[in-house]
Amino acid sequence: MMAWFTESAEDLRRFRVLTGGQAVAEALRQIDPDVFPVYPITPQTPIIEAFAQIVADGKSHAHILTVESEHSAMSAAVGAALAGARTMTATASQGLAYMIEIVYLAASLRAPIVMAVGNRTLSGPINIHGDHSDGMLARDTGAIQIYVKNAQEAYDWMIMGTRIAEHPDVLLPVLMGLDGFTLTHSAEPVEIEEDGLVKEFVGSYEYPYALLAGTAGTYGAFAMPEHYFEIKRQQIEALDRGGVVAQRIVEDFAERTGRAYDLVEGYRMEDAERAMVIMGSQSGTVEEAVDSLRARHQKVGLVTVRMFRPFPRQMLARLLAPVQAVAVFDRSSTPGSFPPLYQEIRASVNGPRIDSIIYGLGGRDLTIDNVIQVFDRLGQSAQDSNAIFYAGSDSRTKEG
Amino acid sequence: MANLRTLAERISEEESFGSGHSMCRGCGVPIVVRTVLASIRTPVVVVNATGCLEVASTRYPVTAWSVPWLHVAFENSAAVASGVESAYMALRRKGAIHHDVTFVVFAGDGGTYDIGLQALSGALERGHRFLYVCYDNEGYMNTGIQRSGATPRAASTTTTPVGSESVGKSESRKDLTEIVLAHHIPYVAQAAISHVQDLSDKVERATKNQSASFLNVLSACPPGWGFEAQDSITMIQRAVNSGFWPLLEVIDGHWRLTSHPEPRQSVTEWFRSQKRFAHLFADHDVDLLDSLEEKTETEWRRLLALEERDREWFLSPAGQAWGLTG
Ligand SMILES: Cc1ncc(C[n+]2csc(CCOP(=O)(O)OP(=O)(O)O)c2C)c(N)n1
Ligand code: SF4
Ligand SMILES: [Mg+2]
């Protein structure tokens with residue numbers, strides 16, 4: 001049962017029924033970025049439409065820069081962020097793919113751009129529905145990556161993401177992924193904080209040596225092998241610091257709002273023998289499967305990964321090492337090898353049998369039955385299967 | 001308008017783009033950069049596209065620039081400048097910034113005619129207040145002299161080499177100035193490194209207006225075109241005096257030529273002085289050269305007619321308000 005039914009009348013007033021897209025727009029209104037360069041793509045459109053209305057109604061000072069492509073949106077975002085303006089944007093799928101070249105540069109130039117990604121699969125075939133292929137394409141850009149479970153988290157992580165991105169020890173882009181349609185277009189109650197609290201939480205944007213501050217030098221110089229490596233290392237280390245900074249920021253956020261987040265969340269993991277690992281909105285489905293198996297006295301649990309970059313290796317190792325068997329659910333593929341989240345877990349966790357499950361490509365639903373099947377298979381042997389399973393697609397393959 | 005002496009003084013005193021770069025001897029691009037920056041009297045922020053200028057002036061940890069300078073990638077400098085300018089507008093509205101800033105983009109012909117055209121078009125349509133300077137050396141020089149949309153027909157480049165089945169580039173260059181004009185921005189001009197005063201005056205007029213402005217400046221590339229470094233200026237003079245590269249400006253849609261070579265010299269002679277066209281002379285490709293002369297003549301007459309059409313406007317108060325001298 002959702003907690004909001006039991007809140008007091010005072011607290012209830014802060015709840016509004018919003019889609020994930022609207023919740024992100026509401027966070028944008030409160031954060032009030034200076035520049036918002038953007039190009040439309042489904043399922044990011046609910047975010048930018050809602051935010052455009054907010055700006056049209058004079059409720060945000062943001063300058064919405066409606067550029068002619070995502071490549072230019074990210075390029076303009078880099079220019080604006082380094083110029084000294086708080087800069088945010090949003091995209092999805094082909095739009096993120098089109099941006100990728102410049103996302104690498106945003107990270108390397110240390111531009112703290114916060115971007116909501118309405119996670120959608122990549123063409124082809126062209127398909128507008130949710131999976132994590134787009135986010136995974138940005139895996140190695142050097143951006144911080146968050147995947148949220150619901151609209152509340154989307155709202156909260158836009159706010160926390162701003163603080164993380166702009167922290168002087170970090171200064172990196174943050175990609176906040178919310179599943180296309182499942183989250184961007186579905187309405188649920190979202191607790192909205194007071195404007196003042198959010199503004200105080202994010203603070204003002206202070207980019208060191210901004211281009212417009214009169215102190216700037218040469219940004220984006222050409223680096224030969226004798227310097228490139230060190231510059232890249234500094235950037236990699238900044239991303240690692242992003243994890244430490246994020247931990248402090250979620251704690252501060254919890255103190256102020258009462259909503260406490262873990263970068264990696266364990267669910268009924270106390271004595272679990274078998275566990276699922278997943279990211280994004282389908283975590284709820286697995287939770288239900290866990291509950292129903294727990295009701296049958298099976299020792300199963302769930303781990304939801306919120307922060308994908310930097311990858312919280314130690315937290316995952318701690319949660320999963322005691323388990324006998326793990327199934328990692330990836331909503332994207334790495335044709336020719338194991339999918340991304342699986343590879344991460346493999347590299348981080350020693351001990352348990354680890355299966356790879358690909359699910360939900362191109363927006364297919366993951367059912368509770370799919371998950372229970374995976375748990376059943378995990379229980380059959382302690383041996384590594386060394387295979388990839390396709391949840392929700394196996395039967396079709398057989399039929400076909 | 002600053003005269004040549006003033007420009008020279010500013011260039012050596014201010015050193016906005018100083019020594020220490022590694023562009024080739026005889027390269028025309030530093031002349032473009034120094035003249036442009038010495039003609040602007042507000043603080044500037046420079047956005048630079050990938051290309052010879054960027055690579056040869058900012059080899060980490062040294063830099064030839066003493067003004068704020070940003071390079072992101074090859075094809076997006078107009079978009080990056082859009083972002084910088086939007087940041088400026090937003091911060092100014094908030095009261096966080098009070099001083100004037102001029103935004104200048106430097107990009108090569110590859111970064112402008114070809115891969116950067118979409119970003120440029122978008123930025124021009126949106127009307128960001130910046131001066132976009134295309135330094136046109138008629139090819140991708142940084143990557144080893146490949147053809148671009150600005151490379152003249154018949155030029156031998158490393159991707160359009162001459163061979164038994166090839167007389168160099170088989171297509172004519174595109175008329176970027178006309179493409180830019182189709183965006184109806186207030187100020188568009190063609191200039192050249194051989195006419196520094198003209199270039200400087202154009203920068204002053206371009207940066208007066210509160211919208212996007214565009215300068216296409218013909219530069220010289222000794223290794224790319226095949227001539228001796230000390231001949232750069234005369235090389236570009238020939239391009240201008242032959243009508244191959246007319247110096248012109250279009251202000252609020254009104255055309256005028258800012259140089260009237262009398263008599264107009266032959267384009268063939270300009271071609272003859274560059275190794276990239278040597279095959280035309282070795283093979284006596286008279287037809288091609290004749291058609292080139294003819295095309296240039298037709299274009300020149302078209303420009304004269306436009307100039308005639310708009311003569312009155314330049315004498316009117318609206319025209320004079322742009323600070324025209326000649
Ligand atoms: C997306 C992308 N494609 C290709 C390149 C390789 N590249 C770098 S500079 C350049 C040519 C630049 O030509 P131009 O803009 O005319 O400048 P110039 O080198 O002549 O100064 C090319 C092809 C690149 N950096 N980025
Ligand atoms: S190759 Fe040409 S454009 Fe490039 S630095 Fe040398 S002369 Fe200048
Ligand atoms: Mg060039």
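The structure displayed is predicted, hence computed values, not measured ones.

### Details of the overall build of chain B
Turning to step 1, where the next piece is worked out: For chain B, the count of helices and strands is 14 helices and 10 strands.
Turning to step 2, where the next piece is worked out: By the compact-globule yardstick of 20 Å for 326 residues, chain B fits well, its C-alpha radius of gyration being 19 Å.
Turning to step 3, where the next piece is worked out: Principal axes of the C-alpha set define a box for chain B whose edges measure 65 × 55 × 40 Å.
Turning to step 4, where the next piece is worked out: In chain B, which comprises 326 residues, the share counted as buried stands at 58%.
Turning to step 5, where the next piece is worked out: For chain B, the proportion of contacts with a sequence separation of at least 24, taken over those separated by at least 6, is 70%.
Turning to step 6, where the next piece is worked out: For chain B, the accessible surface area stands at approximately 12900 Å², while carbon and sulfur atoms represent 53% of it.

### A closer look at the domain arrangement of chain A
Residue and element names in this part refer to chain A.
Turning to step 1, where the next piece is worked out: Split by domain assignment, chain A resolves into domain 1 (8-206 + 218-257) and domain 2 (264-391).
Turning to step 2, where the next piece is worked out: If you average the C-alpha positions of domain 1 and of domain 2, the two centres end up 27 Å apart.
Turning to step 3, where the next piece is worked out: With 28 residues of domain 1 at the interface, the matching set in domain 2 holds 23 residues.
Turning to step 4, where the next piece is worked out: Between domain 1 and domain 2 lies a buried interface of about 2000 Å² when both sides are counted; carbon and sulfur atoms form 57% of it.
Turning to step 5, where the next piece is worked out: Linking domain 1 with domain 2 are 4 salt bridges, by the criterion used here.
Turning to step 6, where the next piece is worked out: Close ionic contact of Arg331 with Asp179 constitutes a salt bridge, the shortest N to O distance being 3.7 Å.
Turning to step 7, where the next piece is worked out: Summed over the shared surface of domain 1 and domain 2, the result is 12 residue pairs in polar contact (both at pLDDT 80 or more).
Turning to step 8, where the next piece is worked out: Among the elements of the structure, helix H6 (133-137), strand S6 (144-147), helix H7 (151-166) and helix H9 (225-257) are those that each provide at least two residues to the side of domain 1 that touches domain 2.

### Considerations on the packing of aromatic side chains
Turning to step 1, where the next piece is worked out: Per the counting criterion, the structure on display carries 22 aromatic pairs over all chains.
Turning to step 2, where the next piece is worked out: Where Phe329 of chain A meets Tyr359 of chain A, the ring centres are 5.7 Å apart and the plane angle is 65 degrees; that geometry is what we call edge-to-face. Of this pair, Phe329 of chain A sits in strand S14 (residues 325-330) while Tyr359 of chain A sits in strand S15 (residues 353-359), placing them 30 residues apart in sequence.
Turning to step 3, where the next piece is worked out: An aromatic cluster of at least three residues, connected via ring pairs, comprises Trp225, Phe227, Phe244, Trp270, Phe271 and Phe277 of chain B.

### Observations regarding the sheet that holds strand S4 (residues 131-136) of chain B
Turning to step 1, where the next piece is worked out: In space, the 9 strands of this open sheet follow the order S9(A)-S2(B)-S1(B)-S3(B)-S4(B)-S8(B)-S7(B)-S9(B)-S10(B), with mixed pairing throughout. The sheet is open, and its two borders are formed by strand S9 (218-219) of chain A together with strand S10 (254-257) of chain B, each paired with just one other strand.
Turning to step 2, where the next piece is worked out: As judged from the 2 bridges shared by S9 of chain A and strand S2 (residues 69-71) of chain B, these two strands associate in the parallel manner. Opposite Thr218 of chain A, over in S2 of chain B, you have Trp69 of chain B as the bridge partner.

### Here we look at the pairing of strand S1 (residues 44-48) of chain B
All names here are of chain B.
Turning to step 1, where the next piece is worked out: Summarising burial for S1: 5 of the 5 residues are buried, a large majority.
Turning to step 2, where the next piece is worked out: Here S1 shows two buried faces, one formed by Val44, Val46 and Asn48 and the other by Val45 and Val47.
Turning to step 3, where the next piece is worked out: Summarising the sheet, S1 and strand S3 (residues 102-108) pair through 5 bridges and their orientation is parallel. Note on S3: the bridge partner recorded for Asn48 is Phe106.

### A look at the environment of Val104 of chain B
Residue and element names in this part refer to chain B.
Turning to step 1, where the next piece is worked out: Among the structural elements, Val104 can be located in strand S3.
Turning to step 2, where the next piece is worked out: Measuring from C-alpha to C-alpha, the distance between Val104 and Val44 comes to 7.0 Å, with 60 residues separating the pair along the chain.
Turning to step 3, where the next piece is worked out: With residues up to four places along the chain from it excluded, the contact list for Val104 reads Val36, Ile40, Val44, Val45, Val46, Val47, Leu131 and Val133.

### Examining the environment of Arg248 of chain A
Residue and element names in this part refer to chain A.
Turning to step 1, where the next piece is worked out: In this fold, Arg248 is placed in helix H9.
Turning to step 2, where the next piece is worked out: For the pair formed by Arg248 and Ile164, sequence separation is 84 residues and the distance between their alpha carbons is 9.4 Å.
Turning to step 3, where the next piece is worked out: Every residue in contact with Arg248, bar those within four places of it in the chain, is listed here: His167 and Asp169.

### Remarks on the site of ligand 2
Turning to step 1, where the next piece is worked out: What surrounds ligand 2 is the set Met23, Cys24, Cys27, Cys52, Asn137, Met141, Cys221, Pro222 and Pro223 of chain B.
Turning to step 2, where the next piece is worked out: Among the residues making up the shell around ligand 2, the classes are represented as 8 nonpolar, 1 polar and no charged.

### Observations regarding the coordination of the magnesium ion (ligand 3)
By definition of the ideal shapes, a tetrahedral metal site with four donors has angles of 109.5 degrees and an octahedral site with six donors has angles of 90 or 180 degrees.
All names here are of chain B.
Turning to step 1, where the next piece is worked out: Taken together, Asp109 (OD), Asn137 (OD1) and Gly139 (O) make up the protein donors of the magnesium ion (ligand 3), found 2.0 to 2.1 Å from the metal.
Turning to step 2, where the next piece is worked out: Mapping the donors of the magnesium ion (ligand 3) onto the primary sequence yields the spacing D-x27-N-x1-G. Linking Asp109 in the loop between S3 and helix H5 (110-114) with Asn137 in the loop between S4 and strand S5 (162-163), this pair joins segments that are 28 residues apart in sequence.
Turning to step 3, where the next piece is worked out: On the basis of relative accessibility, which here comes to 0%, the residue Asp109 falls in the buried class.
Turning to step 4, where the next piece is worked out: Relative accessible area serves as the criterion here: at 5%, Asn137 is assigned to the buried category.

### Side note on the site of ligand 1
Turning to step 1, where the next piece is worked out: The environment of ligand 1 is formed by 18 residues, the closest being Gly110, Gly111, Tyr135, Gly139 and Asn142 of chain B.
Turning to step 2, where the next piece is worked out: Near ligand 1, the surrounding residues belong to chains A and B.
Turning to step 3, where the next piece is worked out: Take Asn137 of chain B: an N or O atom from its side chain is 3.0 Å from an oxygen atom of ligand 1.
Turning to step 4, where the next piece is worked out: Here Gly139 of chain B contributes a backbone N or O atom positioned 2.9 Å from an oxygen atom of ligand 1.
Turning to step 5, where the next piece is worked out: Its free accessible area being 590 Å², ligand 1 has 78% of it covered by the protein chains.

Rules behind the numbers
Residues numbered from 1 in each chain as written. Chains lettered and ligands numbered in written order. Predicted model: local features only at pLDDT ≥ 70, side-chain atom pairs only at ≥ 80, totals over all residues. Heavy atoms only, no water. Helix = DSSP H or I, 4+ residues; strand = E, 2+ residues; numbered from the N terminus. Rg over C-alpha atoms; globule rule 2.2 N^0.38 Å. Buried < 20%, exposed > 50% of the residue type's maximum accessible area, 1.4 Å probe, protein only. Contact = heavy atoms within 4.5 Å. Areas by Shrake-Rupley, 256 points an atom, 1.4 Å probe, with all protein chains shown as cover. Domains from an automatic or database assignment. Buried area = accessible area lost by both parts, 1.4 Å probe. Salt bridge = Lys/Arg side-chain N within 4 Å of Asp/Glu carboxyl O. Polar contact = N/O pair within 3.5 Å; in protein donor to acceptor, adjacent residues only side chain to side chain. Phe/Tyr/Trp six-rings, centres within 6.5 Å; stacked < 30°, edge-to-face > 60°. Pairing = 2+ DSSP bridges. Near = heavy atom within 4 Å. Nonpolar A, V, L, I, M, F, W, Y, C, P; charged D, E, K, R; others polar. Donors = N, O, S within 2.8 Å, 3.2 Å for Na, K, Ca; no water.

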